[in-house]
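Chain residues, written in single-letter form:
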Amino acid sequence: MKRLFVALWLVVQAGPAFAQEAPAAPPESSAQVAPAPDAKASSGFPPEVQRALDALVRADLKQGPTAGLSVGVMRGGQRWMHGYGYRDLARKLPATVRTTYRMASITKSFTAVAVMQLAQAGRLDLDADIHTLVPEYPVKQWPVTVRQLLGHLGGVPTYDSPSAGNNTKPVTTKEAIGLFADRPLVSEPGTRYLYTTWGFNLLGAAVETASGQSYREYLRDHVFGPANMSHADVDDISTRDAQQAVGYRISGATLKPSRFLDVTSRFAGGGTRATVEDLLGFARAVLDHQLVTRETMGRMQATMVTRDGHITDYGMGFATYPLRGHYLVAHAGGQPETTTLLVILPAEDTAIALATNVEDEAKRLRRLSIRLMETVLDEGAPARGGHFTDPVDAVVHEGMGRLASYGLAYHDWATRGPGMLPPETDLAGAFTKVSALFDRAAIARDGRGAMERIRGAHEPRGESLFIRVGAHMAATVEKAMGAERLRSYRTQGAAGFFADYLAACESLKCPEAERFSPAVRGDVARFVAGWKRAEVPALKRTRLEAAKDPEKLWPALKEAAVRAPAVRPDYTDELLTLADRAKRKPSVRMRWLERATELHPESMDAHLAQAVGLMEADREAEGIPHVREAFETPEGSLVLSPAGFLKRLLDTRSPRVARGLLRAAVTLHPDAPELWDALAKRERALGDAGAAKNALAQAKRARQVRAAQEARAPKAPGMVTPAGSTPGMVAPAGSTSPSVPVDPESPPEP
């Protein structure tokens, strides 16, 4: 997970203390490690696991530029923690386990725990209008409840201009609320997910009202103290110690000191600091239900739902979603000076904490967290998707993959964690409906519609089909083959899970209605056979980029594609990782990008990556067709919407690449004014006034077209356009706004 927008507005002014530019560490030494005594392994992992964890972090950091990184991994009573690089480049002070970092939006999880503690104690009503707890927040056009704010469903806006988040002076709680108190709600509460730090500031103020303590005092007494977070505190200059990391931002191939931001203005939504050891302490307290009861934590970890049945992938203060059959409870954070990530796997008694003093490193931390998770839980074996030349096969397998991931994750969360499954009323009917979703004739008639239905089949609006059916399948396999068998599908693929379920049904004599249609069973057998034919033995237990000589394995990958041209494992992610690692060798980088599209010509990610590579090489005309190829894939037709393109721009540091992507986007979505507006800004920034003027004219035309369409269509209820916003940019009531990778976090696909 999950997932596009606030980070661009976190522009702040440079303070006088940060007047000098700090160069990035040279490529060969960008992952310099803190002294060995910093590495900790209390009741440690086996030595081979510790070596593997250390090696994968070092390999990732070699891609630089980077300053400091602290890592913590915990499973049961085992811990491994280490610091890498420098918390202060200029003074060559190493990053360690003791280094403190700004937590940014991980603060929201601390705030949510505080709110739920007070609710448990009867001192705060989750369904109370927030105005009754925070009188300085005026009555709005609809009541906003504490519960809705905890899940970003309250309609409270987020930063709506560059200046809105640009605070350089300390403020009080009342002053922090006053920064946004007069802004109207952007949607009726409960109808739309809108990630908002301002909404969590309201919750922080409610904590103060209900407890009679300051926010800082309450956290120290009731969250940080009980969780053994000995170095955690609110983040202001007076609370910082000598171990606080100096922050940096990436500028080209170098690092510059972060611009100054005072975070008291976002105190309960992003205003704390801590170490990775503190984060593991918090995770342990969450896993052991030391801060709130098991029942309360289960409610916090359950995703919230919009009024019309859309899942938000966010519970109460935590992002929560399945990833490759694991149930993840997580939060990411990003602001000047920092990027952070905490991942908790409640069913597996595991947590991963990452913090760096470099901004906008969400992709790196997410990538690292997945690799660390694979190492600790899956013995390092990679999880791969499937490659299919037939678009119908691709949609069917997408559905199988999502059903397997949701089913395995929710089964584990409900049986080994604090979660609960949706109530079961008609299991046989649910199996019938899943078979209908996988019907090949229906998919062939309307592939996009079929993909949309499959992508909503885990949600209440889709009767939670994938969760109900998938969890039943997992329970059946566990009963027939044992719990350990459930671990294998994270690396063997979804079809293997389906095949084992059908075999378990034979031995347990399941009703015929619970065995899927004959067509689905035939697809399962065909997918399993193709997967086995295409496996590369040298890569069954390792990723391509982790091989000693990936170049030597390329012929084996091509041979496997010939053996099983229609169905085979997808190596796109690994090929693109190799391309990323060759950034300083353009010819090598382009070779791996070309191989990705050669091996997986139906891959959206492969085509987009090659487009970016070509644009970086000033070959935009060659790159744009690859964007169109990406759009034509089953996934691309859904993901590469106007909002999807704007989301991807947040991960694009090169203005030239951003312009190229936008030039391609407007050919695919000529009536999207937001894309034309974004293109105009890029053209102007790159000095092409004529192109910018033309883009603005096209934006005006597109707005006129949209206005005419909206005038003819009935207006969706529960929605207003806040002052200063761009018409057409507010999502309709009931939509779930995806989240940015850093703040808010973006859960990957299941």
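The structure displayed is predicted, hence computed values, not measured ones.

Q: Which residues make up helix α9 (residues 276-287), and what values do they have?
A: Between its first and last C-alpha, α9 extends 16 Å over 12 residues, near the 16 Å set by a 1.5 Å rise per residue. For α9, a buried count of 11 out of 12 residues is recorded, marking the element as mostly surrounded by other parts of the structure. Within α9, burial applies to Val-276, Asp-278, Leu-279, Leu-280, Gly-281, Phe-282, Ala-283, Arg-284, Ala-285, Val-286 and Leu-287. By the N-cap criterion, in which a side-chain oxygen at the helix start approaches the backbone nitrogen of a residue two or three places on, α9 is capped by Thr-275, the distance to Glu-277 being 3.3 Å. The first or second residue beyond α9 is His-289, which carries a positive phi of 55 degrees.

Q: How would you summarise the packing of aromatic side chains if you had to cite specific residues and measurements?
A: Working definition: an aromatic ring pair is given by the centre-to-centre distance plus the angle between the planes. Scanning the model with the defined rule gives 22 aromatic pairs in all. Measuring from ring centre to ring centre gives 5.9 Å for Phe-431 and Tyr-501, while their planes differ by 20 degrees; the resulting arrangement is stacked. With a gap of 70 residues between them, Phe-431 in helix α13 (residues 427-437) and Tyr-501 in helix α18 (residues 494-508) connect regions that are remote in the sequence. Taken as a pair, Phe-431 and Tyr-501 share a single burial class, namely buried. Ring centres 6.2 Å apart and planes at 45 degrees place the aromatic pair Phe-438 and Phe-466 in the tilted group. Linking Phe-438 in the loop between α13 and α14 (440-445) with Phe-466 in helix α16 (residues 465-481), this pair joins segments that are 28 residues apart in sequence. Linked through ring pairs, Phe-431, Phe-438, Phe-466, Tyr-489, Phe-497, Phe-498, Tyr-501 and Phe-516 together constitute an aromatic cluster. Across the ring face of Tyr-86, the terminal group of Lys-92 is positioned such that the distance to the ring centre comes to 5.7 Å. Here Lys-140 stacks its cationic end above the ring of Tyr-137, 4.8 Å away from the centre of that ring.

What counts and what doesn't
- Residues numbered from 1 in each chain as written.
- Predicted model: local features only at pLDDT ≥ 70, side-chain atom pairs only at ≥ 80, totals over all residues.
- Heavy atoms only, no water.
- Helix = DSSP H or I, 4+ residues; strand = E, 2+ residues; numbered from the N terminus.
- Expected span 1.5 Å × (residues − 1).
- Buried < 20%, exposed > 50% of the residue type's maximum accessible area, 1.4 Å probe, protein only.
- Polar contact = N/O pair within 3.5 Å; in protein donor to acceptor, adjacent residues only side chain to side chain.
- Phe/Tyr/Trp six-rings, centres within 6.5 Å; stacked < 30°, edge-to-face > 60°.
- Lys NZ or Arg CZ within 6 Å of the ring centre and 35° of its normal.

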